[in-house]
Amino acid sequence: MTEETTPSRSADHPLGATHPLALAPVAAPASTVDGFVREFLRNLNFDRGVALTSSTPNDRYMALAYTVRDYLMARWLEDLRRQRHAQAKGVCYLSAEFLLGRQLDNNLLATGLTDIAADALAQCGVDLDELRQLEVEPGLGNGGLGRLAACFIDSLATLGVPNIGYGIRYEYGIFRQTFVDGQQVEQPDAWLTLGNPWEFPHPESARTISFGGHTETYDDEGVTRTRWVPGWTVRAVPYNYMVPGYQNGRVNTLRLWSAQATSAFDLRIFNSGDYAEAVRARTFAENISKVLYPEDSTPQGKELRLQQQYFFVAASISDFLDGVLPDDFDLAKLPDRVIFQLNDTHPVIGVPELMRVLVDERKMEWDAAWEITRQCFAYTCHTLLPEALEVWSVDLLGRLLPRHLEIIYRINDEFLAEVRERFGDDEMRLRNMSIIAEYPQRSVRMAYLATVAGAKVNGVAELHSQLLRDKVLPDFNEFFPGKFTNVTNGVTPRRFVRLANPDLSALISEALGGTWLTDLERLRELETFAEDPQFRQAFADVKAANKRRLSELLRHRDGFEVSDGHMLDVMVKRLHEYKRQMLKLLHIVSLYEGIVSGRVAASEVTARTFIFGAKAAPGYLMAKRIIHLINAVGSVVNADPRVEGRLKVLFPPNYNVTLAERVVPAADLSEQISLAGKEASGTGNMKFALNGALTIGTDDGANVEIRELVGDDNFFLFGMREPQVQELSDRGYRPSEFYQADENLRRAIDLIASGAFSGGDRSVFEPVVSNLLYEDRFMVLADFTSYLEAQTKVDAAYADQEAWTRKAILNVARCGFFSSDRSMRDYIERIWHTPPLR
Ligand code: 26W
């Protein structure tokens, strides 16, 4: 098979040296309304090829996006020049997911052009808000992990730290969720159909990525070396995206890879005359970046997924070594120039890949290469569920990446030799620490590989990091003292406060002045305002306005009627049993049952609207049943006149970043009710608290830190702590005992079992009921009583609106810690050592 060459950079050529204009830095268009109008119309005419009068809304959206982009261009080019010039250490953030959300507003905010753009468009008879709605968000992630990556690159750009985000340009992002008869039906997310104005493809810089084949040794002037003779290749085409800092003149790069067939791929088949087969073969290659795997927390071990992982990581490492570093760079100094941050185990195949490049291609000694590799990677773990820890069968890995498997074996042999040296022939320990698992099938434990190779290993909240150290990887913690650390997650206040909650932002700016958005600890100064009745009123007005904005959206989007004056009780996150949407639902059913059975007067129940948002992995049947049940309960409750004006259950389909930006600022109560010890961190919890919702939550993930910061009086804690969970589990958990012991619980479950939410058909939700009664892996029933007590406290607190608002303000004031700027500073100081570039 012929090799397609990966281009190296062209030799330095004195480009532009003869014309003065070519030497001058590119100038941004004038930041005036007139300047903006001119740019907008120019883009409409010259890039879209249409006149304003004959333009479609999409033309206008695209022209607007190009215009905003043009304003960022000078800064981007300047930043690229600055970074090339400085040769400073930077972060390569390797992540299979970047859940970016819409770009237009973020980029308008970054440039400070929002008002100018609105005025300029108005002068053209165009409504900015209308164009905003046309953007299809890039949903290139499943949930928390992908959104975290997006927050992190926002913060790095805002801090002025050199960073390239590397990932995959999926042609289809996370599926679009629809409900048919209350059940989830997935639709493809064809987000690129109308074009994507935010990306810059560079096919000329494509890299060739190899797969399959075999390895062989050869004599290289007396040295025996190994080379990989691949079976097939694909082209990785980079698409660059701008990642602007917040009004600081800085723009970093996000580089997403798209797979293209190489001509080598199908040449043989073309030559044999089978045209149709040859075209089919191209599809095979291009499938690699076709679709985001919608599995969250349950790896499927699919070959295509491993192909995706290697594809983007190999392209990224090659891009950095051959494209970003100067030609004459001494690779021994690589740790001074880059840290590759592994966002969970998905990019861990990068470890043997860097070894392969250094040893096989750059002909380095193994030990020297390992010394470099050990310093160039750091690993973040995002889970505690044992089933979420990725493993790849040796079979599959050896077939797809034979050389990498050899390298992994050698890394493991040398590592186990060291363990043996320290602890002797402790067979149990050796088995427990081996990167290769033998049962139930021989496979590579990617988290172990990452831990052995990583300079640092971190969890994403204090509790999570502690459990990671003490329960998941205790032998490694003992073996590598100082390697394990914590960096508590954060969220970007630009998107999740300033953009999502403009009225609150204005109120804060009025109180504190303008700099809080990049110095979020300044929110502390709001504490005194919590005692000011006038400020409280203004704060409550903002919340009420946000609720109205949400109702309007839901009316328009889903035909929902949101009742006035209700507490908005919100649970939005992926559907997973450990997150316990069932617990929330049992609360609702219990309230409903109380009223309709006549045991509780409707007038005594706090009026609440419950909002759910959740996608289930398409193959996760129990999660899908729970979605069905939520919708079924909603249909019955919302149609029952006996609870009218008291209880309402809304489940808008297709929860995504765009919807989050509207739901979060409107919420009164944030549901963070996972079983203690299961939610690594959570980041939605932070978004809600920063927008003045109070949390009802377990002692889990970052809830622990939220509660410590906001204070017990301003947080509704319930449920078992992690050690109690462990204890109960050790003792032998029998959910039926809890069912027997709590009358409310019994009645709620019985009502579901009776078929009350399935037209009398008891079979529909029987699996859900059985699962709760006989298995209940995440101890929903054990925490139910405590949850209901806490909800009663919520009702009491909500009855005093003044006091509630005060608590809400204190939540905002005390959650500045959860800015992703702070997370980034932590990584920079303790793991990356990559100071901002001035
Ligand atoms: C299919 C394999 C797989 C396995 C795990 C896919 C995705 C995962 C992730 C680790 C799931 C995830 O998104 N984890 C979440 O990461 C967030 C950011 O750190 C945390 O806030 C959440 O608690 C954690 O569930």
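Every value quoted in this text rests on a predicted model; they were computed, and no experiment measured them.

Conventions adopted
Starting afresh in each chain, residues are numbered from 1 along the sequence in its written order. Reporting in this predicted model follows two pLDDT cut-offs: at least 70 for local features of residues, and 80 or more for side-chain atom pairs to be given and counted; totals over whole chains, interfaces and linings ignore these cut-offs and use all residues. Hydrogens and water are ignored here; the side-chain numbers use all heavy atoms of the structure. Pairing between strands is defined by DSSP: at least two bridges between the two strands are required. Secondary structure elements follow DSSP: runs of H or I of four or more residues count as helices, runs of E of two or more count as strands, with numbering from the N terminus. Only heavy atoms are used to decide nearness, and a residue is near a molecule or strand if one of them lies within 4 Å of it. Pairs of N or O atoms within 3.5 Å make up the polar contacts considered here, provided that, within protein, one atom can donate a hydrogen while the other can accept it, and that residues adjacent in sequence are counted only when both atoms are side-chain atoms. Accessibility throughout is a Shrake-Rupley quantity obtained with a 1.4 Å probe, and a residue counts as covered only by protein chains that appear here. Each residue is placed in one exposure class: buried if its accessible area under a 1.4 Å probe, protein chains only, is under 20% of its type's maximum, exposed if it is over 50%, and partly exposed if it falls in between. Handedness rule for crossovers: strands pointing away from the viewer, path from the first strand over the helix to the second running clockwise, crossover right-handed. What pLDDT reports is the predictor's confidence in each residue, on a scale of 0 through 100. Contact criterion: two residues are considered in contact whenever any of their non-hydrogen atoms come within 4.5 Å of each other. In this analysis, rings of Phe, Tyr and Trp, with Trp reduced to its six-membered ring, are considered paired at centre separations within 6.5 Å, and the interplanar angle assigns stacked below 30 degrees, edge-to-face beyond 60, and tilted for intermediate values. Joining through side-chain atoms within 4.5 Å is the link that ties buried Ala, Val, Leu, Ile, Met, Phe, Trp, Tyr and Cys residues into a set, and such a set is a nonpolar core. Throughout the structure description, domain borders are defined by an automatic or database domain assignment. What gets called buried area is simply the loss in accessible area from a 1.4 Å probe that two parts show on being joined, summed for both. A pair is scored as a salt bridge if a Lys or Arg side-chain nitrogen falls within 4 Å of a carboxyl oxygen belonging to Asp or Glu. Residues are called lining when one of their atoms sits within 4 Å of a cavity or pocket point, these points coming from a 1 Å grid over the protein atoms alone, where a cavity is a set in which a 1.4 Å probe fits but cannot get out and a pocket is an open set with protein on both sides within 12 Å along at least five of seven lines. Grid points are joined across faces, edges and corners, and a volume is the space filled by probe spheres set on the points.

With respect to topology, six strands assemble into an open sheet ordered β22-β21-β20-β23-β24-β25, the strand pairing being parallel. Here the strands that pair on one side only, and so sit at the sheet edges, are β22 (647-650) and β25 (716-717). In the sheet, strand β20 (residues 567-572) pairs with strand β23 (residues 669-672) via two bridges, with the strands oriented parallel. Bridged to V570 within β23 is S670.

Further remarks concern the site of the ligand. Lining the immediate environment of the ligand, one finds 21 residues, of which H382, N489, E679, S681 and G682 sit closest. One nitrogen or oxygen atom from the side chain of Y578 is found 3.2 Å from an oxygen atom belonging to the ligand. Measuring from an oxygen atom of the ligand, one finds a side-chain N or O atom of E679 at 2.6 Å. In isolation the ligand offers 570 Å² of accessible surface; the protein chains occlude 96% of this area.

For the rest of this paragraph, the subject is the pairing of strand β24 (residues 694-697). Covered by surrounding structure in β24 are L694 and I696 together with T695 and G697, the residues of both alternating faces. In this structure, β23 lies alongside β24, joined through four bridges in parallel fashion. Bridging from a neighbouring strand, S670 pairs with T695 of β24. Read as a crossover between parallel neighbours, the route from β23 over helix α27 (residues 684-690) to β24 is right-handed. Bridge count for β24 against β25 is two bridges, and the pairing is parallel. Across the sheet, I696 pairs through a bridge with F716, a residue of β25.

What follows deals with the confidence of the model for the chain. Of the residues in the chain, 98% have a pLDDT of 70 or more, and the chain-wide mean is 95. Ranking the elements of the chain by mean pLDDT puts helix α8 (residues 263-271) last, at 71, and β23 first, at 99. Note on residues 1-11: pLDDT is under 50 here. Beyond four places in sequence and across chains, it has 26 contacts.

Next up on the list: the packing of aromatic side chains. According to the stated counting rule, one finds 28 aromatic pairs in the structure shown. Here Y733 and F738 contribute two aromatic rings whose centre-to-centre distance is 5.6 Å and whose plane-to-plane angle is 50°, an arrangement assigned as tilted. For F738, a relative accessible area of 27% gives the class partly exposed. The structure contains a cluster of three or more aromatic residues connected by ring pairs, namely F415, F423, Y448, F476, F479 and F480.

Moving on, we get to the nonpolar core. Core analysis: the biggest nonpolar cluster contains 142 residues, and F211, F311, F320, L334 and W832 have the highest contact counts within it. Considering each element in turn, this core owes the most residues, 10 residues, to helix α10 (residues 303-324). No fewer than three residues from each of domain 1 (13-86 + 110-134) and domain 2 (87-101 + 137-487 + 826-832) sit in this core. The contacts of F211, once residues within four sequence positions are left out, are W228, P230, G231, W232, V234, I288, Q307, Y310, F311, L400 and L401. One finds L517, F535, M582 and F784 within the second-largest nonpolar core, a separate group that totals 107 residues.

According to the domain assignment, the chain contains domain 1 (13-86 + 110-134), domain 2 (87-101 + 137-487 + 826-832) and domain 3 (564-812). Here domain 1 and domain 2 have C-alpha centroids that lie 34 Å from each other. Facing 20 residues of domain 1, the contacting portion of domain 2 comprises 23 residues. When domain 1 packs against domain 2, the two sides together hide about 1,900 Å² of surface, and 60% of this comes from carbon and sulfur. Summed over the shared surface of domain 1 and domain 2, the number is one salt bridge.

Below, the discussion takes up the sheet that holds strand β15 (residues 391-393). Taken together, the three strands give an open sheet; going across it, the order is β15-β17-β16, and neighbouring strands pair in antiparallel fashion. With partners counted over all chains shown, the strands left at the sheet margins are β15 and β16 (436-437), one partner each. Where β15 lies against strand β17 (residues 443-445), three bridges are found, and the strand directions are antiparallel. The partner of S393 across the bridge, within β17, is S443.

In this structure, the second largest pocket occupies an estimated 1,200 Å³ of space. In terms of lining residues, the second largest pocket is bounded by 36 residues, among which R102, R132, Q133, T658 and R662 are the most central. Of all elements in the fold, only α4 (104-111), α6 (128-132), α20 (493-499), α21 (502-512), α23 (533-558) and α26 (657-663) reach the threshold of two or more residues within the lining of the second largest pocket. Per-element accounting of the lining of the second largest pocket gives the leading share, six residues, to α23.

Here D699 lies in the loop between β24 and α28 (703-710). Residue classification places D699 among the buried positions, given a relative accessible area of 13%. Within polar-contact distance, the side chain of D699 engages the side chain of R707 at 3.0 Å. If we ignore the near neighbours within four places in the chain, the residues touching D699 are L463, A676, V704, R707, L717, F718 and R721.

Applying the stated rule across the entire model yields 60 salt bridges. With a shortest N-O distance of 2.9 Å, K584 and D569 are connected by a salt bridge. Taken as a pair, K584 in helix α24 (residues 581-596) and D569 in strand β20 lie far apart in primary sequence, 15 residues in all. Its relative accessible area of 1% is what places D569 among the buried residues. A single network of salt bridges, built from pairs that share partners, joins D569, K584, R608, E671 and D795.

Attention now goes to unusual backbone geometry. Of the consecutive residues Y439 and P440, the connecting peptide bond is found in the cis state with omega at -5°. Topologically, P440 is positioned in the loop between β16 and β17. With a phi angle near 55°, K363 is a residue other than glycine that sits in the positive phi range. Turning to its location among the elements, K363 is positioned in the loop between α12 (350-361) and α13 (366-376). The phi angle at N654 is positive, at roughly 60°, despite the residue not being glycine. By the element assignment, N654 lies in the loop between β22 and α26. Judged by relative accessible area, which is 14%, N654 ranks as buried.

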